[in-house]
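Letter by letter, the chains look like this.
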Amino acid sequence: MTDSPAPARSPALRRPARLVAGICVLGVLLTALATWAVARADTNTEQRLLQTQTRQAAAVLSTAILTIQQPMNAALAAQGAIGHGRDATAFTRIFAQVAGTGKTFTSASLWHRQGGSFTRVAAIGDAPGLDPQGPQMQDFLGQALPGTTFAVRRVDVGAQIRIAYAVGDPGSGYVIYAERAIPADRRAPVDRNSAYADLDYAIYLGGTTDTAAMTTTDVDPATLPLTGLTAQVSIPFGNSTLILTTRARRHLGSGLSERLPWILLLSGLLLTLALALVARQLIRSRLRAESDTDTITTLYQRVDTLYGEQRSLSERLQRALLPQANPGIPGMEVSSEYVAGAQGIDIGGDWYSAIAVGDDTFAFVVGDVSGNGVDAVAEMARARFTLRAYLFDGDGPDTALEKCSRQFDVTTDGHIITVLVGVGNWRTGEISVANAGHPLPLLVSEAGASFVPMPVGLPLGAGAFTYERSTFTMPPGATLMAYTDGLVERRAEVIDAGMQRLVEVARRLGSRPLPSFVEQVVTSMRDERMVDDVAVLALRRVGV
């Protein structure tokens, strides 16, 4: 007796399984595609944000380089004024404050070229890592003497790494040599700045990222090079180059953009499972052929609609995260000038900026951070990039200032910031401005020169504040000049006298070409007693 074959499954019983499998495959594919698209968009955005923050960190590093150069340049200039000889008075006076154990430089020395070689005139601090009697020292000093830039190299002193600098004056034949020690933990002093808050970094000297070229880092050197999503910026460094490589410590974008791929993945899988269960239940309840066809068709339409919405959401998110820029200002001539203060070597926080923000519109900003030095410049960079972001987003000058007022606090930042923000239409000449404690801008036209009246709000850092917007129209040929208070302030003089003097100077020079106008205004307003930095931005309406 033989076993009878098992009965074949009927087509009606096979259809639910096939449809459920099809929905699962389709749902998983569409979910995977949407998740990949959103994750890719988020990665691209993270790369752009990382690159932007890396450029800000590079700007802070460039500023720190300047502060290292300043005592060397100041001492070289003062020493050159003394003339030739072995009188090292100027060098000793300046470097006694910055060279030695626990100071900016571990050692410093003054050299003078005699014939074809250099002779050491004076030395301060520890013994240099580079042999003073060796040919390497003579060659290094010779690189600096042309005076076009400073020479720089790495010097290894046992387990310690030092950076050697040399600055020369070909006129006097003097060269200043100094060494700065890299901390034992390899941390760069600039990483205390907020621009480095969310970054791991490694800085290399010499234009390569070899392990031997690494100078400072905030990670274990054994784990270098940095891996994953990284950014890299090259920074001129005397006759060499610094390469700053960074990696984000956390997600730089919004929390939603970070979680959205997982939200889409989970919701897509749950939706796929739900649709599969619904389809199975519908088909099993109606095994009739025509009813099965209608039910399956309707189900697929619903699946296509839901996943179409997911794809549309991914596309909109990607477009929203892409930056938009439209540089250039048609119909407007722009000129500017920045003059450093007459005393001191610290850098101030004055700045100006003019940008195109639309087909017909442009924006300009002039600001001044209280105090000076690296911290003031860092605050200036933060305020500048923050305002640019708001203006690029289409905020008016009053709204941009109001948002910024919530992000700065003098009790924690140590600075207050005065800012004048304007948004204009180059076709109509209409200008809208808002003022956070800044001097009034000056409008120069055929009718004369006068300050633009407007409400003046609190400076940034003084607390959250609501600012008022004022609007006026620039006639063709008119010039709008915005400036920082260093242009009009003098010691032992009320500021109103300086403001009136500016009106008279601008009225007398208003017909000159714009670059000459700005240059002559600054020259006429400044004297030896003015110690503050000056930033001037002028816009002249030249017609459509």
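Caption draft 1: Region of interest: the overall build of the protein chain. Looking only at helices and strands, the protein chain features 10 helices and 19 strands. A total of 544 residues make up the protein chain; the buried ones form 46% of that total. In the protein chain, once contacts between residues fewer than 6 apart in sequence are set aside, the share between residues at least 24 apart is 67%. On the protein chain, roughly 26300 Å² of surface is accessible, and the fraction owed to carbon and sulfur atoms is 54%.

Caption draft 2: Geometry of unusual backbone geometry. Following Leu224, the chain continues into Pro225 via a peptide bond in cis, with omega recorded as 5°. With respect to the element layout, Pro225 can be found in the loop between β7 (214-217) and β8 (230-237). Despite not being glycine, Arg186 has its phi angle at roughly 65°, a positive value.

Caption draft 3: Local environment of the confidence of the model for the protein chain. For the protein chain, mean pLDDT is 84; residues scoring 70 or higher make up 87% of the total. This model gives residues 310-327 a pLDDT under 50, and the stretch forms 24 contacts once residues within four places in sequence are excluded.

Caption draft 4: Summary view of the layout of surface pockets. In this structure, the second largest pocket spans a volume of roughly 800 Å³. In terms of lining residues, the second largest pocket is bounded by 35 residues, among which Ala64, Ile68, Arg180, Pro189 and Val190 are the most central. Of all the secondary-structure elements, those providing two or more residues to the lining of the second largest pocket are α1 (11-82), β4 (160-169), β5 (174-181), β6 (199-205), β7 and α6 (374-392). If one sorts the elements of the lining of the second largest pocket by residue count, α1 sits on top with seven residues.

Caption draft 5: Layout of the pattern of salt bridges. All chains considered together, the criterion is met by 14 salt bridges. Two residues, Asp198 and Arg250, come together in a salt bridge whose shortest N-O distance is 3.1 Å. Within this pair, whereas Asp198 is found in the loop between β5 and β6, its partner Arg250 is found in the loop between β9 (240-248) and α4 (255-285), the two being separated by 52 residues in sequence. Note that Asp200 is salt-bridged to Arg247, the shortest N-O span being 3.5 Å. You can see Asp200 sitting in strand β6 and its partner Arg247 sitting in strand β9, a full 47 residues away along the chain. Looking at Arg247, the relative accessible area reads 22%, which means it is partly exposed. Where salt bridges share partners, they join Asp200, Asp218, Arg247 and Arg249 into one cluster.

Caption draft 6: View of the sheet that holds β7. One open sheet holds the four strands; their spatial order is β7-β6-β9-β8, and the pairing between them is antiparallel. Looking at which strands have only one partner, the edges of the open sheet turn out to be β7 and β8. Looking at each pair of strands side by side, their axes are set apart by 20° on average, direction ignored. The pairing of β6 with β7 spans three bridges and is antiparallel. Each bridged residue has a counterpart across the sheet, and for Ala202 the counterpart in β7 is Thr217.

Caption draft 7: Expanded view of the sheet that holds strand β10 (residues 332-339). With respect to topology, five strands assemble into an open sheet ordered β10-β19-β18-β15-β16, the strand pairing being antiparallel. Edge positions in the open sheet fall to β10 and β16 (448-451), since each of these has one partner strand only. Direction aside, neighbouring strands of the sheet carry axes that sit 15° apart on average. In the sheet, strand β15 (residues 442-445) pairs with strand β18 (residues 479-483) via three bridges, with the strands oriented antiparallel. Residue Leu442 lies in a different strand from β18, and its bridge partner there is Met481. Sheet contacts for helix α9 (residues 495-509): β15, β16 and β18; angle to β16, the most-contacted strand, approximately 150°. Where helix α10 (residues 514-525) meets the sheet, it contacts β10, β15, β18 and β19 (534-541), and its direction lies at approximately 30° from that of β10.

Caption draft 8: Region of interest: α10. When the terminal C-alpha atoms of α10 are compared, their 16 Å separation across 12 residues agrees well with the 16 Å that a helix rising 1.5 Å per residue should span. Within α10, the full set of buried residues consists of Leu514, Phe517, Val518, Val521, Val522 and Met525. Buried residues of α10 fall within an arc of 125° about the axis and therefore sit on the same side. Where α10 is buried, its residues meet β10, β15, β18, α9 and β19.

Caption draft 9: Structural detail: the nonpolar core. Among the nonpolar cores identified, the biggest contains 48 residues, and Phe95, Phe105, Tyr165, Tyr196 and Phe237 are the most heavily contacted of them. Sorting elements by how many residues they give to this core places α1 first, with 11 residues. Residues in contact with Phe105, not counting those within four places in the same chain, are Ile68, Pro71, Met72, Phe95, Val98, Ala99, Gly100, Tyr165, Ala178, Glu179 and Arg180.

Caption draft 10: Just the packing of α6 against helix α7 (residues 397-405), in detail. The geometry of α6 relative to α7 is characterised by a closest axis approach of 9 Å and an angle of 135° between their N-to-C directions. In terms of orientation, α6 and α7 fall into the oblique class. Relative to α7, the crossing made by α6 is right-handed. For the pair formed by α6 and α7, the contact residues are Thr386, Leu387, Tyr390 and Leu391 on the first element and Ala400, Leu401, Lys403 and Cys404 on the second. In terms of residue class, the contact of α6 with α7 is built from six nonpolar, one polar and one charged.

Caption draft 11: View of the packing of aromatic side chains. Under the counting rule described, the total for this entry stands at nine aromatic pairs. With a centroid separation of 6.4 Å and an interplanar angle of 80°, the aromatic rings of Phe105 and Tyr165 are classed as edge-to-face. Residue Phe105 is found in the loop between α2 (89-95) and β1 (107-114), and its partner Tyr165 is found in strand β4; the two are separated by 60 residues along the sequence. Considered together, Phe105 and Tyr165 belong to a single accessibility category, that of buried residues. Among the aromatic residues, ring-to-ring pairing joins Phe91, Phe95, Phe105, Phe150, Tyr165 and Phe237 into one connected group. Arg384 extends its terminal NZ or CZ atom over the ring of Phe385, reaching a point 5.6 Å from the ring centre.

About the cut-offs
- Residues numbered from 1 in each chain as written.
- Predicted model: local features only at pLDDT ≥ 70, side-chain atom pairs only at ≥ 80, totals over all residues.
- Heavy atoms only, no water.
- Helix = DSSP H or I, 4+ residues; strand = E, 2+ residues; numbered from the N terminus.
- Buried < 20%, exposed > 50% of the residue type's maximum accessible area, 1.4 Å probe, protein only.
- Contact = heavy atoms within 4.5 Å.
- Areas by Shrake-Rupley, 256 points an atom, 1.4 Å probe, with all protein chains shown as cover.
- pLDDT = per-residue confidence, 0-100.
- 1 Å grid on protein atoms, 1.4 Å probe; cavity = no way out; pocket = protein on both sides within 12 Å on 5 of 7 lines; lining within 4 Å.
- Points joined across faces, edges and corners; volume = space filled by probe spheres on them.
- Salt bridge = Lys/Arg side-chain N within 4 Å of Asp/Glu carboxyl O.
- Pairing = 2+ DSSP bridges.
- Axes fitted to C-alpha atoms, helices over the stretch in contact; angles between N-to-C directions.
- Expected span 1.5 Å × (residues − 1).
- Arc of directions from axis to C-beta.
- Core = buried A, V, L, I, M, F, W, Y, C linked by side-chain atoms within 4.5 Å.
- Parallel < 35°, antiparallel > 145°, perpendicular 65-115°, else oblique.
- Left-handed = near helix turned anticlockwise from the far one by under 90°.
- Nonpolar A, V, L, I, M, F, W, Y, C, P; charged D, E, K, R; others polar.
- Phe/Tyr/Trp six-rings, centres within 6.5 Å; stacked < 30°, edge-to-face > 60°.
- Lys NZ or Arg CZ within 6 Å of the ring centre and 35° of its normal.

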